[in-house]
Amino acid sequence: MHALGRGASTMTPADAPTRHLYVHVPFCARRCSYCDFSIAVRRNVPVDQYLNALSLELASHKGELVLDTLYVGGGTPSTLGGSGIARLIDLVRIHASIAPDAEVTIEANPDDVTPDAACAWRDAGVNRVSLGGQSFDPAVLEWMHRTHDADQLPRALDALGAAGIDDVSLDLIFALPSALERDWPADVERALALEPSHISLYGLTIEPHTPLGRWHSRGAVAEADEDAYEREFLHAHTALTGAGYEHYEVSNFARPGRRARHNSAYWRGVPYAAVGPSAHRFDGTARSWNVAPYVEWRDRLARGDAALGGSETLTEANRAAERVYLGLRTTDGLESSDAELALARPWIEAGWATLTPARTIVLTPLGWLRLDALAASLTVAGSY
Ligand code: SF4
């Protein structure tokens, strides 16, 4: 469901255990209108079959993983249900050590969050849930082909809270086509009223090969214009920071102490392991990824073959570009060289960045709206 994380340049000793594991669960009950992820649409989720294949892949990591964070993403991991997630985490524990204070996150759709499921997840060690809410507007949810209705979101938060899972991240999508007449400030208000510990924002992009892409290509829907994108992003920044959230990464807001630890590891560029169809990993030097189709991933593992789909070793230029991009996307900022600082001076004058006393460049919300262009200009001009 989420598309976060890029590897980068930070190295760890070759024999150091990997501290972060991503597990991909590919199943969704139906495809959302805007989604181009590699998913497996299943009315009946083949839990046993999936877990058997996952167990085979995890066995190849035995002894390498000492986890500070475990992130179960998708797809929709909550389609595995209470016992399916518990069995998945048991499998991880067979092949890896999970630190007592580890962050253990699962992604969930609101309609899967029942009181029983929430208790089973808590008992299995889940202490953080990322909820795909997207909007509270019934017409918008229907247009998105979401499987939940607006009332299921508060009920899901209630069930998680009652189970003792109080670290809940809520996803919202902004910059929808104007024809939908979505009231973005009202959605932000409703999100704030639920008091989640974390909120992630995603600007809608229209991808080909999705239902939305097809509607767009025949002229039935138009993308939000840049002004609307900027207005909604800045409105969310003002409303959420005004309510006490830190805007700590271009797309993410957290209550103090509730930043996402797993995704923060991606943004720091440290190594992470990954299992499941289409899962991407980074070992400090190279990125690699599994084959994406669920059936191919499952069958390769059953035959005793590797699930690897490809790999790339980062060049010096790749590393330099990632250092800039990752640095600029969070409030940790980019420690700047003299050349970078000279290039960034106009940004500071334009209100797109600030400079700390330690010469770290930190983008402002106006700068984040130009993140790709600013990162590219530093990389191209730079000195690499
Ligand atoms: S829930 Fe929707 S957006 Fe998320 S992965 Fe499934 S189809 Fe895609």
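Residues numbered from 1 in each chain as written. Predicted model: local features only at pLDDT ≥ 70, side-chain atom pairs only at ≥ 80, totals over all residues. Heavy atoms only, no water.

J.: Describe the sheet that holds strand β14 (residues 308–313), with residues and values.
T.: An order of β12-β13-β14 is seen for the 3 strands of this open sheet, with the pairing classed as antiparallel. Pairing within the sheet leaves two strands with one partner each, and these edge strands are β12 (280–282) and β14. The mean angle between the axes of side-by-side strands here comes to 15 degrees, regardless of whether they run parallel or antiparallel. Here strand β13 (residues 286–290) runs beside β14; their pairing, made up of 5 bridges, is antiparallel. (Pairing = 2+ DSSP bridges. Helix = DSSP H or I, 4+ residues; strand = E, 2+ residues; numbered from the N terminus. Axes fitted to C-alpha atoms, helices over the stretch in contact; angles between N-to-C directions.)

J.: How would you summarise the pairing of β13 if you had to cite specific residues and measurements?
T.: Of all 5 residues in β13, 4 are buried, a share of seventy percent or more. Where β12 meets β13, 3 bridges bridge the pair, whose relative direction is antiparallel. Residue pairing in the sheet places R281 in a bridge with S288 of β13. Here β12 hands over to β13 after 3 residues, with G284 in that stretch at a positive phi of 100 degrees. (Buried < 20%, exposed > 50% of the residue type's maximum accessible area, 1.4 Å probe, protein only.)

J.: Describe the sheet that holds strand β15 (residues 334–335), with residues and values.
T.: If you trace the 3 strands from one edge of the open sheet to the other, you get β15-β17-β16, paired in antiparallel fashion. The strands lining the two open edges of the sheet, one partner per strand, are β15 and β16 (353–355). Inspection of the sheet shows β16 paired to strand β17 (residues 360–363) by 3 bridges, in the antiparallel sense. Residue pairing across strands places T354 opposite V362, the latter belonging to β17. Strands β15, β16 and β17 of the sheet are contacted by helix α12 (residues 338–350), whose axis makes an angle of about 125 degrees with β16. (Contact = heavy atoms within 4.5 Å.)

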